[in-house]
Amino acid sequence: MAEIEKRLETHRIRCLSKLKMFLLAITCAFVSKTLSGSYMNSMLTQIERQFNIPTSLVGFINGSFEIGNLLLIIFVSYFGTKLHRPILIGVGCVVMGLGCFLQSLPHFLMGRYEYESTVSVSGNLSSNSFLCMENGTQTFRPTEDPSECVKEVKSLMWIYVLVGNIIRGIGETPIMPLGISYIEDFAKSENSPLYIGFVETGAIIGPLIGLLLASFCANVYVDTGSVNTDDLTITPTDTRWVGAWWFGFLICAGVNVLTAIPFFFLPKTLPKEGLKNNADIIKNDKEEKQREAVKKEKDGITKDFLPFMKSLLCNPIYMLFILISIVQFNAFVNMFTFMPKYLEQQYGKSASEAIFLIGIYNLPPICIGYIAGGLIMKKFKITVKQAAHIGCWLSLIEYLLHFLCFLMICDNTSVAGITTTYKGIQQDLYVENTILADCNKDCNCPIKMWDPVCGNNGVSYMSACLAGCETSVGTGINMVFQNCSCIQTSGNSSAVLGLCDKGYDCSMMLQYFLILSAIGSFIYSLSAIPGYMVLLRCIKPEEKSLGVGLHTFCTRVFAGIPAPIYFGALVDSTCLHWGMLKCGESGACRIYDSTNFRYIYLGLPAALRGTSYIPAFLILIMLKKRLLPGENASSGTVLIEAKVTGKENDCKDMHQNSKVLNDGELKTKL
């Protein structure tokens, strides 16, 4: 007898260690999947410039991840619980690695990146055709040679990135629903929020690493190693700069494959955590085997699918929660996807700097908020009703703070002929035929070429030619243009390559914006775990995995896919000057109207989130009304118990059974 007890105790400890091992493995999986996702989001501007495509198409490429995800999410969420969940998660990680590798392929299949420039990359000063030459002939006008135009077909290589992102979405499908349901099934109910908090922390560590990796890659020239970077006439702050976006995808591919290994050694099921005595363990094992036998012999694997779907669709709290998630996700997908571009255009930062600042200021507070939210739920044993109030009111506080971001603004970059006149006076935007002026109309300058220079008067010009510059000294990025007729200064008029800096005041506005963003990120993430527990607690245990999957499916379809596309199209509408390809076609946008960009970037998410609080308040009211009828003086708590059998299909019956507990806690059966 003692030997049996010893073996059972050893078995219990071993199973507990396997649960801890699964927690570590699923946390690493969350790190790897969010590492890949955050890196992809951070490289959108680099992909846009590499392939010379509009922001709306980049948004579609980004949303293709959700397309791959939704193809399988419902079926994986339901059927995955019937199969070996850890192995399915491991296979998903391998597929994600394959997708990341495919995304990096265009770099190896296409030639070197060529950016539009009026200045000779070789720095040959024997030909000053890029300067103002009266009655001269410019040698850098767009070609109409069909043989040259055929080369532009290489821009279709973005399809590889699209397909790779779809495959990455397919691979990511089982990680979230099966990982969370596995924890919920085999962990103590009071430990579950803490465990999920740690797992969600992995979902923050991943983006932090991804953003740091993206910041490094964005600062390295795309063709480094095959070109002499000393001859480049652009810097990372230039909107024509393309970083080594492909390198990070190779790293993400390797990380995803390595993360998959532990899952192939984990068991299909475990005893429920917290079972201490032999009877509990034996009873748990017997019940588990009986449930599996019944499912195999009687029900089959698909019999309960439609009843479960009907039960979820008839659950008003669950459906309202999905509605809230869709609206909120539309707002946050847009803000996170285009935040690097916003910092570039609004505050004049390079892509590398913008990505780095996002990682430093936003992700640590989110990580702390997730952990704190899980600890609060465990420490104070927060009930469903209390969790709903915490999530709602904290989110509302962060929403109100968001409006302060409208005060952290910078003026448009002063570019003569686009945002200001050649006399330095701000002009109406979107006005054509203002590129040329009396000071450069005889210079025979191309009016669509984007090769900006900064004059010593603090005004930028589209090119040295349009600035009226007649001579130049130096080579590469150190080139200086002199005798510029359009630059009106008291001394010698000169210009250097690149746009002018936005100044100290704009840098301070950026600091205020980032600090406010960090505070908002912490407050909102603090409400995330309580809100997520409301989702888990409002559905029955057998519907849990399917419920999480359906929730993810809806947010993918109605937020993850369309949001980047329509938001990208709105961003494109604020473009002031498009880049030009060899055949005269439009490429990527070079400069935006930062004022209208700000209204879209901050205003649209604010409007969307504002509408989400209507169903949020309805949930609070419904929880209050649902609990009050079953309360009494001795307990004040209710267990919402929804029993589902083959005959009980009425929606009202599934949500009106309640039972009073005497332990002083509100619990919802999982």
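Predicted model, so just to flag it, every value in this text is computed and none were measured.

Asks: How should I be thinking about the overall build of the protein chain in this particular structure?
Replies: Within the protein chain, the secondary structure is distributed over 23 helices and 10 strands. For the protein chain, buried positions account for 54% of its 670 residues. Sequence separation of 24 or more characterises 80% of the internal contacts of the protein chain that already satisfy a separation of 6 or more. Summing over all exposed atoms, the protein chain offers an accessible surface of approximately 28700 Å²; the carbon and sulfur share of this is 62%.

Asks: Hey, could you run me through the environment of Thr224 in this one?
Replies: In this fold, Thr224 is placed in the loop between α9 (192-218) and α10 (245-260). The partly exposed category is assigned to Thr224, whose relative accessible area is 40%. C-alpha of Thr224 to C-alpha of Gly243: the two residues are 19 residues apart in sequence and 9.0 Å apart in space.

Asks: How should I be thinking about the pattern of salt bridges in this particular structure?
Replies: Side chains carrying opposite charge are able to pair once their charged atoms draw close together. Within this structure, the stated rule accounts for 11 salt bridges. Between Glu172 and Arg556 there is a salt bridge; the shortest N-O distance is 3.1 Å. Here Arg556 lies in helix α20 (residues 544-560) and Glu172 lies in helix α7 (residues 158-172), a separation of 384 residues in the sequence. In terms of burial, Glu172 and Arg556 fall into one category: buried.

Asks: Honestly, empty space enclosed by the protein in this entry has me stumped. Any pointers?
Replies: Empty pockets left among the atoms are what a rolling probe the size of a water molecule brings to light. The final tally for this structure, using the stated rule, is 5 cavities of 30 Å³ or more. Computed from the structure, the second largest cavity encloses a volume of approximately 70 Å³. Lining the second largest cavity we find Thr45, Glu48, Arg49, Thr239, Lys341, Glu344, Gln345, Ala588, Cys589 and Tyr592. If you list the elements that add at least two residues to the lining of the second largest cavity, you get α2 (44-51), α14 (339-347) and β7 (586-592). Across the lining of the second largest cavity, the residue classes tally to 3 nonpolar, 3 polar and 4 charged.

Asks: What is the right way to look at the environment of Leu88 in this model?
Replies: Mapped onto the fold, Leu88 is located in helix α5 (residues 85-109). Overall, the relative accessible area of 29% leaves Leu88 in the partly exposed class. In this structure the C-alpha to C-alpha distance between Leu88 and Pro174, which are 86 residues apart in sequence, comes to 6.6 Å.

Asks: Help me out: how do you make sense of the state of the cysteines in this one?
Replies: Here a disulfide denotes a covalent bond joining the sulfur atom of one cysteine to the sulfur atom of another. In this structure the tally under the stated criterion is 6 disulfides. Through a disulfide, Cys410 is tied to Cys506; the S-S separation comes to 2.0 Å. Its S-S torsion of about 110° marks the bond between Cys410 and Cys506 as right-handed, since a negative value means left-handed. Here the residue Cys410 occupies a position in the loop between α17 (384-402) and β1 (453-455), and Cys506 occupies one in helix α18 (residues 504-526), the gap between them amounting to 96 residues.

Asks: What is the right way to look at the sheet that holds β1 in this model?
Replies: Remark on secondary structure: sheet strands pair via backbone hydrogen bonds, oriented parallel or antiparallel. Strands sit in the order β2-β1-β5-β4-β3 across an open sheet of 5 strands; the sheet is antiparallel. Edge positions in the sheet fall to β2 (460-461) and β3 (471-473), since each of these pairs with one other strand and no more. Pairing of β3 with strand β4 (residues 480-482) involves 3 bridges; the strand directions are antiparallel. The residue of β4 that forms the bridge with Ser472 is Phe481.

Asks: Got a minute to help me understand the packing of aromatic side chains in this structure?
Replies: Two measures describe an aromatic ring pair: the distance that separates the ring centres and the angle between the ring planes. Per the stated rule, a full pass over the model turns up 22 aromatic pairs. Look at Phe108 and Trp246: their rings are 5.5 Å apart centre to centre, the planes differ by 75°, and that puts the pair in the edge-to-face class. Of this pair, Phe108 sits in helix α5 while Trp246 is found in helix α10, placing the two residues 138 residues apart along the sequence. Judged by its relative accessible area of 47%, Phe108 is partly exposed. When the ring of Tyr422 is compared with that of Tyr461, the centres are 5.9 Å apart and the planes differ by 40°; the resulting orientation is tilted. Taken together, the positions of Tyr422 in the loop between α17 and β1 and Tyr461 in strand β2 put the pair 39 residues apart, joining distant regions of the chain. Here Tyr422 falls in the buried class, since its relative accessible area comes to 11%. Three or more aromatic residues link up through ring pairs in this structure, and these residues are Tyr342, Tyr347, Phe513, Tyr592, Phe597 and Tyr601. For Arg598, the ring lying beneath its charged end belongs to Tyr599, and the centroid distance is 5.4 Å.

Criteria and cut-off values
Residues numbered from 1 in each chain as written. Predicted model: local features only at pLDDT ≥ 70, side-chain atom pairs only at ≥ 80, totals over all residues. Heavy atoms only, no water. Helix = DSSP H or I, 4+ residues; strand = E, 2+ residues; numbered from the N terminus. Buried < 20%, exposed > 50% of the residue type's maximum accessible area, 1.4 Å probe, protein only. Contact = heavy atoms within 4.5 Å. Areas by Shrake-Rupley, 256 points an atom, 1.4 Å probe, with all protein chains shown as cover. Salt bridge = Lys/Arg side-chain N within 4 Å of Asp/Glu carboxyl O. 1 Å grid on protein atoms, 1.4 Å probe; cavity = no way out; pocket = protein on both sides within 12 Å on 5 of 7 lines; lining within 4 Å. Points joined across faces, edges and corners; volume = space filled by probe spheres on them. Nonpolar A, V, L, I, M, F, W, Y, C, P; charged D, E, K, R; others polar. Disulfide = S-S within 2.5 Å. Pairing = 2+ DSSP bridges. Phe/Tyr/Trp six-rings, centres within 6.5 Å; stacked < 30°, edge-to-face > 60°. Lys NZ or Arg CZ within 6 Å of the ring centre and 35° of its normal.

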